[in-house]
Amino acid sequence: ARVVITHPNRQHVNQAVMAAEHAGCLEVFLTGFAYRTSGPLANILRLTAGGHGLRNRLLRRVAPEIAASHMKDFRFAFALGMGQTMAYRRLRPQSVHNLQKRLDRQFDRRCAAWLQGYEGCNVVHCFEDAAYHTLKVARERGFRSVLDIPSAHELYLAEDNKERIALGLKENPVTRESL
């Protein structure tokens, strides 16, 4: 098998990507942003005073066990999305979850467009909330498809918030970091 794996972040996907890489069947891992510890961005962050915190946050996106040639990211769109998310957290914290869902759908459309012209795979593995258009293109192209739903975290958080409200407690904010 020659596998393309898509996920807008790194959460819930590391094991699948590393297993495919180790088995020699990973063609491409499409993600929002893959940080490299060398290169222009890493050099800028090392030299800037405020870069340390951002660098530490980006280090969570390092995947040294995955060949750089097997990773493709949409970093410009990801950076715009991060900027929007930061603004929403300050101005409209109750809307962050909806924004992140929209950003996931945009990522899905980018992956679908990329897959339209890609010939190097026969299996497409996507994760919930960022899969509809990509899997549709995979089906049209005759590729096998896998939809991965690692956990029902959103359902759990919704139920938890119902209980919290019933008990007179404050709701938990739903953000990607808390999932």
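Residues numbered from 1 in each chain as written. Predicted model: local features only at pLDDT ≥ 70, side-chain atom pairs only at ≥ 80, totals over all residues. Heavy atoms only, no water.

Peer 1: Honestly, the confidence of the model for the chain in this entry has me stumped. Any pointers?
Peer 2: Low pLDDT marks regions whose predicted coordinates should not be analysed in detail. Of the residues in the chain, 78% have a pLDDT of 70 or more, and the chain-wide mean is 81. Confidence scores differ between elements of the chain, with helix α3 (residues 51-59) showing the lowest mean pLDDT of 63 and helix α6 (residues 132-141) the highest of 96. (pLDDT = per-residue confidence, 0-100. Helix = DSSP H or I, 4+ residues; strand = E, 2+ residues; numbered from the N terminus.)

Peer 1: How should I be thinking about the sheet that holds strand β2 (residues 26-31) in this particular structure?
Peer 2: In a beta sheet, neighbouring strands pair by backbone hydrogen bonds and run either parallel or antiparallel. In space, the five strands of this open sheet follow the order β3-β2-β1-β4-β5, with parallel pairing throughout. Taken across any chain shown, the strands that pair with only one partner, and hence form the sheet edges, are β3 (71-73) and β5 (144-148). Going across the sheet, the axis of each strand differs from the next one's by a mean of 15°, ignoring polarity. Sheet analysis places strand β1 (residues 3-7) next to strand β4 (residues 123-127), joined by four bridges and oriented parallel. In the strand pairing of β4, Val4 is matched with Val124. (Pairing = 2+ DSSP bridges. Axes fitted to C-alpha atoms, helices over the stretch in contact; angles between N-to-C directions.)

Peer 1: Is there a simple way to explain the packing of helix α5 (residues 96-116) against α6 in this structure?
Peer 2: The axes of two packed helices give the description: the angle between them and the distance between them. Where α5 meets α6, the closest approach of the two axes is 7 Å, and the angle between their N-to-C directions is 20°. Considered as vectors, α5 and α6 are oriented roughly parallel to each other. Relative to α6, α5 is oriented so that their crossing is right-handed. Here α5 contributes Asp108, Arg109, Cys111, Ala112, Leu115 and Gln116 to the contact with α6, which in turn contributes Tyr132, His133, Thr134, Val137, Ala138, Glu140 and Arg141. Here the contact of α5 with α6 is composed, by residue class, of six nonpolar, three polar and four charged. (Parallel < 35°, antiparallel > 145°, perpendicular 65-115°, else oblique. Left-handed = near helix turned anticlockwise from the far one by under 90°. Contact = heavy atoms within 4.5 Å. Nonpolar A, V, L, I, M, F, W, Y, C, P; charged D, E, K, R; others polar.)

Peer 1: What should I look at first to understand the packing of helix α4 (residues 75-91) against α5 in this one?
Peer 2: In the contact formed by α4 and α5, the axes pass within 10 Å of each other and the chain directions differ by 170°. It follows from the interaxial angle that α4 and α5 lie roughly antiparallel. Taking contact as the criterion, the partners of Ala77, Gly81, Gln84, Thr85, Tyr88 and Arg89 in α4 are, on α5, Val96, Leu99, Gln100, Arg102, Leu103 and Arg110. A breakdown of the residues in the contact of α4 with α5 according to their chemical character gives five nonpolar, four polar and three charged.

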